[in-house]
Amino acid sequence: MSAPETGPGAGAERDGGATMDGGATEAVAGFRERADAAGGAAWEAVPAGLRKRCRAAVEGHREGLLALSHALHADPETAFEEHRAAARVAGVLAAEGFTVRRGVGGLDTALTATYGDGELVVGVCAEYDALPGLGHACGHNVIAAASVGAALALRDVAGDLGVTVKLIGTPAEETGGGKILLLERGVFDDVGFALLIHPSPDELCAPRTLAVTDLEVRYRGRAAHAAFAPHHGVNAADALTVAQVAIGLARQHLEDRQMVHGIVTDGGAVPNVVPDDTRALYYLRAGSYESLEGLERRIRDCLRAGAVATGCAEEVRQVSPAYADLVSDPWLAGAYRSAVTALGRSPVPFAEEAGRLTPASTDMGNVSRALPAIQPSIAVDCGSAVNHQPGFAEVCAGPSGDRAVLDGAVALAWTAASAALDGPARALLLAGVRERAAGRVGGP
């Protein structure tokens, strides 16, 4: 395919290229910098009047967007249980003339809301799941409301841009991989590029994240009285202890950007009975899919050691789909950088951001491996708190979280407009959709 070097999805970025292990080569770093600059230039070319209309649309819906964010925050629902959250998002968009479909991809709490008939489909992703026991301590209420705001802004200029606006309600990001399931089931098939913003302590336009998978282990032994006849027991808690020790010793030898953390979910019932059934859940993270595969083999060996040492039976299963590391499209990130800067925010400079790793994971990584996508981090004033802490949850329903909703909506809309109006970028995005379709039917 003949395409400009620095357009969305250009180069080897879609497959990770030289960035798979988290260490960009000089050539890849240069490509990213040129693409970032090209995206920024495209934003500058968006007519001022159109940018003003997008901003006015968000401002006109300020009260409703913030009410949506606060309602989601006050009524948290966890992975695949976000029925009220999905209904709230769907209700707002249906009332604004979007065509809403609930339960897409076979997921009860997923949805799409579309508007317009342009050839280029803009995918705006909305997350709304919460954390067990912590509520919206990752700010998904902000994400959902900002995405709805971006969709409303783009609706008002869809004819000018020649786009179809498609908000995709994506459940179960914290665990369960909702986007991965929707991607596999065709919900992203017509999407030219995908966007969402994520609240964070830092302002990052193209964050790099880790790949992650999970492993649940279950050990089965034989119960016995722990004092009267311990020699008749096979201790499943000891199997967990051996596995934990093996994992702890392995940490010294893990590769850069590999990490393991876990919890015991069932360690036995009472002290005077030898435990015969125990379970634990581990998250494994790495800088790339390839590195993650090697780490998984090593940790499975550690889990097997618990069974071998104690005579227990062992079962290991993957609970959620594996999340890929995020490959931010540098052209889209550059357009977003210019947009968010124009709103008075101060993103981390490109050169500094390129050397930074965000030690977290997202199922948006899998989307970014399939089509051009970005998930910028939008800063909230959270003091010393970070994501997944109660203090961060509180901020996401306060004035700083509200500003993130409104600024994020405008910045995403402006970024989408940049891609839709830039001729070479638009052509490359449409070509990407056709190539993916050809690949699904076995075409060239």
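Keep in mind the model is a prediction, meaning the values are calculated, not measured. (Residues numbered from 1 in each chain as written. Predicted model: local features only at pLDDT ≥ 70, side-chain atom pairs only at ≥ 80, totals over all residues. Heavy atoms only, no water.)

Draft legend 1. Inspection of the overall build of the protein chain at higher detail. Helix and strand content of the protein chain: 14 helices and twelve strands. The 444 residues of the protein chain split such that 56% are buried. Total accessible area on the protein chain stands at roughly 17,300 Å², and carbon and sulfur atoms take up 53% of it. Computing the positive centroid from 38 side-chain charges and the negative centroid from 54, the protein chain places the two 2 Å apart. (Helix = DSSP H or I, 4+ residues; strand = E, 2+ residues; numbered from the N terminus. Buried < 20%, exposed > 50% of the residue type's maximum accessible area, 1.4 Å probe, protein only. Areas by Shrake-Rupley, 256 points an atom, 1.4 Å probe, with all protein chains shown as cover. Lys, Arg positive; Asp, Glu negative; His and termini not counted. Charge placed at Lys NZ, Arg CZ, Asp CG, Glu CD.)

Draft legend 2. Representation of the environment of Leu-154 within the structure. Along the chain, Leu-154 turns up in helix 5 (residues 140-161). Residue classification places Leu-154 among the buried positions, given a relative accessible area of 1%. Here the alpha-carbon distance between Leu-154 and Ala-409, two residues 255 residues apart in the chain, equals 9.7 Å. Among all residues touching Leu-154, those that are not within four sequence positions of it are Val-122, Val-124, Leu-161, Val-165, Ala-413 and Ala-416. (Contact = heavy atoms within 4.5 Å.)

Draft legend 3. Up close: the side chain of Asp-75. Inspection of the secondary structure assignment puts Asp-75 in the loop between helix 3 (62-74) and helix 4 (83-95). One polar contact links Asp-75 to Arg-88, side chain to side chain, over a distance of 3.1 Å. (Polar contact = N/O pair within 3.5 Å; in protein donor to acceptor, adjacent residues only side chain to side chain.)

Draft legend 4. Geometry of unusual backbone geometry. Of note, Phe-80 is a non-glycine position whose phi angle comes to about 65°, a positive value. Tracing the sequence through the fold places Phe-80 in the loop between helix 3 and helix 4. At Arg-257, a residue that is not glycine, the phi angle is positive and equals roughly 75°. Mapped onto the fold, Arg-257 is located in the loop between helix 7 (236-250) and strand 8 (259-266).

Draft legend 5. Local environment of the sheet that holds strand 2 (residues 111-115). Spatially, 1-2-4-3-5-11 is the arrangement adopted by the six strands of the open sheet, whose pairing is mixed. Lying at the two open borders of the sheet, with one neighbouring strand each, are strand 1 (99-102) and strand 11 (373-374). Strands strand 1, strand 2 and strand 4 (163-169) of the sheet are contacted by helix 4, whose axis makes an angle of about 165° with strand 1. Lying over the sheet, helix 13 (residues 399-421) contacts strand 3 (120-126), strand 4, strand 5 (193-195) and strand 11, oriented at roughly 165° with respect to strand 5. (Pairing = 2+ DSSP bridges. Axes fitted to C-alpha atoms, helices over the stretch in contact; angles between N-to-C directions.)

Draft legend 6. Layout of helix 13. Over its 23 residues, helix 13 extends 33 Å from the first C-alpha to the last, a length consistent with the 33 Å expected when each residue adds 1.5 Å. Of all 23 residues in helix 13, 20 are buried, a share of seventy percent or more. (Expected span 1.5 Å × (residues − 1).)

Draft legend 7. Examining the sheet that holds strand 7 (residues 211-220) more closely. Taken together, four strands build an open sheet; the order of strands is 8-9-7-10 and the sheet is antiparallel. Of all the strands in the sheet, the pair left with one neighbour each is strand 8 and strand 10 (313-317). Adjacent strand axes in the sheet meet at a mean angle of 20° when their direction is disregarded. With seven bridges connecting them, strand 8 and strand 9 (residues 277-286) associate as antiparallel partners. Residue pairing for strand 9: Val-260 is matched across the bridge by Leu-284. Those strands touched by helix 7 are strand 7, strand 8 and strand 9, and its axis lies near 15° from that of strand 9. Sitting on the sheet, helix 8 (residues 289-310) touches strand 7, strand 8, strand 9 and strand 10, and the angle it makes with strand 7 is about 15°.

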